[in-house]
Amino acid sequence: MSKSIESQRTQWEEDGYLVFDNAIQGEELARLQRAFDYWADQCKSDWLMRVEAGEAVSTFYDIPGVFEKDEIFVDLVDHPSYYPTLKAVTDGEVIFMSPQARTVPAWPVTYSGWHPDVPHTHPLHIKVQVYVNDVDPRCGEFAFVPGSHKPDAGPYSKVNRLESMPSHKTFPGGAGTAIMFNSYGWHAAMDNPTGTPRKSVILIYEKYTPNRVPSGAHASIAHYCTTPERRRLFSLGE
Amino acid sequence: MPRIDSHVHVFAKPSAEFPRETDALAPAELEAPVENLLAEMDAHRIDRAILVQLGGEEIEHHAYLLHCLKTYPDRFLGIGTIPADISDPAPHMDKLCQETGIIGFRLFSIGGPKDPFAQIDVRNFKSYRIWEHAAAQGYLISLYARAVDAHLIPYLLEAFPQLRIAINHLGVCPGKGKFSIDAKGRPHVETPMYNPAFHSTHRLARYENVMLQLSGQYAFSAEAYPYRDLTGWHQHIMGIYGAARLMWASDFPWIQKDPGYGQLKNIIKELLPNLSDDEYDDIMGGTAARFFQFAD
């Protein structure tokens, strides 16, 4: 493990999050933005119909089957900017669960208040959120309570005013910023009254435990997974 | 602590004295007399209730509701209805509320942009003038918004922070085409178990003038009473709103035969068994007494 990753691991264990500025940049970022915008636009009318039918949430939507839409989304999963760190904090036993290519319209209220995703009885659960557009303060930026991932942390309450959560930290950032966080920890999306939607790709991982991902769950992208490491990451078998 | 049923319906068979509209849910031969409700309330020690208009939005359709409020002023307050796109709502609202016991209006539609990415100006909502007049006069809004309108609600809450809002039926915002009538003649609303309300009406708890009603379980559940598949919804709502913002309601008469009024009175203990006595008292009447401002 490099010294850089060692220091990252220390912060990870203490705070429960890491920020990777400019994780995606240049032409790769531009390609991600083009793919995201194209497919979000393509999927929007179907989402609006599902909202009207009461089948979908009106306060955000995801591009369905995003890995099948463009390889750029698959490449985010093991991106060299953060994947070595992901492996380090999972002792090399990381598996990928699912993606969320998410657009969150501006709204006076957050679409997601303070919460942890899983209890400590659950295998280590990690998310990496990659901002696709610039996410300024009060634009629905990610927020986290440092240290809240620890088993003896808290208790925390579901304060309705997000800014009332003690010791929280918000994470505005430029397009291409990646934020990796331990999902035992309390997190939220801050309010976004600005009029600018937040676009991000949220990648969900776990530390390996047997049979967590059904065999073939990611079979549709098997053609992108030609190395043993990728096949393990996507639970495609050897 | 009073026991208050915060949302019920009573209606007569249509007549010259009590005209009303009919539909598949409330056909002409069906009636839900206020005396039946009073018998249930007395049998189960419910002190008061909120009568919610059913059977039409025009003033004349409110005749039976007004009759009940006049006959039993110590037991009931009323919620009227109004066409959401009425051009001049003030005369309609003021006439219905003038010393009648009607204290607010139920809305099903807001009438703003369907697209959550659209630029929002609440003054362009079709129902804006109703909200504006309610805020000016102190009338409350009882809201059973449709899914297409769910994202519009907080813009109105921002515009009218003084307005009292009761969000009906667990915050569910029914989808287009998802209403039906079940084999027992009750409303049924097809609703995903991962309820979109988690990210819309349940997020409105930050607005302290918003209350949420724990009711309508029979319409959303895939199970028989006590509708345990909705336990998670109740826990989620309780965790966000807290008992001081929640109000139990039976939705009489739809529950009179199945599961029965007495069973419905116990549903909060079934689905939120760990409440303190104070929390239980709030949900069963304390919150409603404060919100609806019943006279002592």
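Procedures and definitions
Residues numbered from 1 in each chain as written. Chains lettered and ligands numbered in written order. Predicted model: local features only at pLDDT ≥ 70, side-chain atom pairs only at ≥ 80, totals over all residues. Helix = DSSP H or I, 4+ residues; strand = E, 2+ residues; numbered from the N terminus. Rg over C-alpha atoms; globule rule 2.2 N^0.38 Å. Buried ≥ 20, exposed ≤ 12 C-beta atoms within 10 Å, placed from the backbone. Contact = placed C-beta atoms within 7 Å. Nonpolar A, V, L, I, M, F, W, Y, C, P; charged D, E, K, R; others polar. pLDDT = per-residue confidence, 0-100.

**What to know about the overall build of chain B**
For step 1, the next point in the chain: Of regular secondary structure, chain B possesses ten helices and ten strands.
For step 2, the next point in the chain: Here the C-alpha atoms of chain B give a radius of gyration of 18 Å, agreeing with the 19 Å that 2.2 N^0.38 yields for 296 residues.
For step 3, the next point in the chain: The principal-axis extent of the C-alpha atoms belonging to chain B is close to 45 × 45 × 40 Å.
For step 4, the next point in the chain: A total of 296 residues make up chain B; the buried ones form 50% of that total.
For step 5, the next point in the chain: A separation of at least 24 residues holds for 76% of the contacts in chain B among residues at least 6 apart in sequence.

**Describing the interface of chain B and chain A**
For step 1, the next point in the chain: At the junction of the two partners, chain B supplies 28 residues and chain A supplies 23 residues.
For step 2, the next point in the chain: Listed by contribution, the elements that provide at least two residues to the side of chain B that touches chain A are helix 5 (153–159) and helix 7 (231–241) of chain B.
For step 3, the next point in the chain: Looking at which element gives the most residues to the side of chain B that touches chain A, the answer is helix 5 of chain B, with three residues.
For step 4, the next point in the chain: The class makeup of the residues in the side of chain B that touches chain A is 14 nonpolar, seven polar and seven charged.

**Points about the confidence of the model for chain B**
For step 1, the next point in the chain: In the predicted model, chain B carries a mean pLDDT of 96, and the fraction of residues at 70 or more is 100%.
For step 2, the next point in the chain: Overall fold confidence for the complex sits at a pTM of 0.93, while the interface term, ipTM, reaches 0.92.

**Details of unusual backbone geometry**
For step 1, the next point in the chain: The linkage connecting glycine 154 of chain A with the following residue, proline 155 of chain A, adopts the cis geometry, with an omega of 5°.
For step 2, the next point in the chain: Along the chain, proline 155 of chain A turns up in the loop between strand 5 (142–144) and strand 6 (169–171).
For step 3, the next point in the chain: Geometrically, the link from aspartate 258 of chain B to proline 259 of chain B is a cis peptide bond, its omega value of 10° lying close to zero.
For step 4, the next point in the chain: By the secondary structure assignment, proline 259 of chain B is in the loop between strand 10 (246–248) and helix 8 (261–265).
For step 5, the next point in the chain: For aspartate 91 of chain A, which is not a glycine, the phi torsion comes out positive at approximately 55°.
For step 6, the next point in the chain: By the C-beta count within 10 Å, which is 10 here, aspartate 91 of chain A ends up exposed.
For step 7, the next point in the chain: Of note in this structure, serine 167 of chain A is not a glycine but carries a positive phi near 65°.
For step 8, the next point in the chain: With respect to the helices, strands and loops of the structure, serine 167 of chain A is situated in the loop between strand 5 and strand 6.
For step 9, the next point in the chain: Look at serine 167 of chain A and you get exposed, because 10 C-beta atoms sit within 10 Å.

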